[in-house]
Amino acid sequence: MIAANKSRDAAKLLGILEQRYGKKPRPPGWSLVETLLFYVIYYSSGVTAARRAFKAFREEYVNLNEVRVSTLSEIRATLRMAGASDKTAVQLRGMLKQIFASENVVSLAGLHGVPADQVKRYLSRLDVLPVHAIDYLLLVKWDYPILPVDRQVARMASRLGLTGANTREVRAQKTLMRKVNSNSYYDFYTLFLEHASKVCTDKPRCDRCVVAKYCKHGRSHSGVKSK
Ligand code: SF4
């Protein structure tokens, strides 16, 4: 399949997923740390639980510094009450502790105005955030033209034939950034992530997949006819 066709395929798949799930609004004018906190919960538990958990953290804690000094049990309880996975408690508190250790305050306000590539290097050195979380932050807060790609999105793109077989995150990101319009990076990532976590999972439910007829893997595993 030539590159132009794959670009059209990516746009078509995006349209179908958008019809299925609806566009996800970008995070509002939250601080950088709030955006990261939201993303970590969103990534593990979906957007609805993340919104509830975010609200709970705002209402039940004086500020993010109080979250930092809270016990893991307290943070887990807040996450559970919001319907989010409590497994992210360690990562959330670790992230806040690392930011505090680096900045002497639970804030990344000092990064405003810093070029995106320097921000990426700085956040990578904190060693508590996966690359896709850093890329997400750069995309939504810096408007930096980067397409976050995590393990799930890379797997789904490979199954769909947008990338080669079993292409891992780094190579998948390079390939997808050539095929997806940069204006659609946010929609592509959020919609692919939603589908990959609900349907195109480790054991994909191809018989319930809205893009199965465009998917080589789906056609061979569900009996769906090709487009
Ligand atoms: S058809 Fe199956 S493998 Fe292909 S995208 Fe859908 S769930 Fe994933």
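Structure: see above.
Basis of the calculations
- Residues numbered from 1 in each chain as written.
- Predicted model: local features only at pLDDT ≥ 70, side-chain atom pairs only at ≥ 80, totals over all residues.
- Heavy atoms only, no water.
- Near = heavy atom within 4 Å.
- 1 Å grid on protein atoms, 1.4 Å probe; cavity = no way out; pocket = protein on both sides within 12 Å on 5 of 7 lines; lining within 4 Å.
- Sits in = over half its atoms within 2 Å of the grid points.
- Helix = DSSP H or I, 4+ residues; strand = E, 2+ residues; numbered from the N terminus.
- Phe/Tyr/Trp six-rings, centres within 6.5 Å; stacked < 30°, edge-to-face > 60°.
- Buried < 20%, exposed > 50% of the residue type's maximum accessible area, 1.4 Å probe, protein only.
- Salt bridge = Lys/Arg side-chain N within 4 Å of Asp/Glu carboxyl O.
- Points joined across faces, edges and corners; volume = space filled by probe spheres on them.
- Nonpolar A, V, L, I, M, F, W, Y, C, P; charged D, E, K, R; others polar.
- Contact = heavy atoms within 4.5 Å.
- Axes fitted to C-alpha atoms, helices over the stretch in contact; angles between N-to-C directions.
- Parallel < 35°, antiparallel > 145°, perpendicular 65-115°, else oblique.
- Left-handed = near helix turned anticlockwise from the far one by under 90°.

Trainee: Just give me the short version of the site of the ligand, but keep the residues and values in it.
Mentor: In the vicinity of the ligand, the contacting residues are Arg159, Leu160, Val199, Cys200, Pro204, Cys206, Cys209, Val211, Ala212, Cys215, His217 and Gly218. The site holding the ligand turns out to be the largest cavity. Sorting the residues of the shell around the ligand by element identifies α9 (151–160) and α12 (216–222) as the ones contributing at least two each.

Trainee: Please give an account of the packing of aromatic side chains that cites residues and values.
Mentor: One pass over the full model with this rule turns up 11 aromatic pairs. Geometrically, the ring pair formed by Phe188 and Phe192 is stacked, given 3.9 Å between the ring centres and 20° between the ring planes. With Phe188 and Phe192 both in helix α11 (residues 185–198), this residue pair falls 4 residues apart, about one helical turn. For Phe188, a relative accessible area of 0% gives the class buried. Among the aromatic residues, those joined into a cluster by ring pairs are Trp30, Phe38, Tyr39, Tyr42, Tyr43, Phe54, Tyr136 and Tyr186.

Trainee: Describe in detail the pattern of salt bridges, supporting the description with residues and values.
Mentor: Overall, the coordinates contain 11 salt bridges when judged by the stated rule. For Lys24, the salt bridge is made with Glu194, and the minimal N-O distance between the two is 3.1 Å. Placement of the pair is Lys24 in the loop between α1 (3–21) and α2 (32–45) and Glu194 in helix α11, with a sequence separation of 170 residues. Of the residues examined, Glu194 reaches a relative accessible area of 14% and is grouped as buried.

Trainee: Go over the layout of surface pockets with me, naming the residues and quoting the values.
Mentor: Taken as a whole, the largest pocket holds about 310 Å³ of empty space. What lines the largest pocket is a set of 16 residues, and nearest its centre among them are Arg155, Ser158, Arg159, Ala165 and Asn166. Listing elements by their share of the lining of the largest pocket, those giving two or more residues are α9 and α12. For the lining of the largest pocket, the leading source of residues is α9, giving 5 residues. Of the residues assigned to the lining of the largest pocket, the class counts are 2 nonpolar, 7 polar and 7 charged. Taken as a whole, the second largest pocket holds about 210 Å³ of empty space.

Trainee: Tell me about α9, residues and numbers included.
Mentor: With 9 of 10 residues buried, α9 is to be regarded as a mostly interior element. Positive phi shows up at Gly161, right after α9, with a value of about 90°.

Trainee: Describe the environment of Val105, naming the residues involved and giving the relevant values.
Mentor: As for its placement among the helices and strands, Val105 is situated in the loop between α6 (89–103) and α7 (116–126). Contacts of Val105, omitting those with residues within four sequence positions, involve Ile99 and Phe100.

Trainee: Which residues make up the packing of α2 against α6, and what are the values?
Mentor: Between α2 and α6, the least distance of the axes is 10 Å, while the angle of their chain directions is 160°. Judged by the inter-axis angle, α2 sits roughly antiparallel to α6. In this structure, α2 crosses over α6, and the sense of that crossing is right-handed. Facing α2, whose interface residues are Val33, Leu36, Leu37, Val40 and Ile41, α6 presents Gln91, Leu92, Met95, Leu96 and Ile99. Per-class residue counts for the contact of α2 with α6 are 9 nonpolar, 1 polar and no charged.

Trainee: Go over empty space enclosed by the protein, please, and point to the residues and values.
Mentor: Throughout the structure, instances matching the rule amount to 1 cavity of 30 Å³ or more. Lining the largest cavity are 15 residues, and of these Cys200, Pro204, Cys206, Cys209 and Cys215 sit closest to its centre. Going through the elements one at a time, α9 and α12 are the ones with two or more residues in the lining of the largest cavity. If one sorts the elements of the lining of the largest cavity by residue count, α9 sits on top with 3 residues. By residue class, the composition of the lining of the largest cavity is 10 nonpolar, 3 polar and 2 charged.

Bear in mind that shape data such as this cannot, by itself, settle questions of function.
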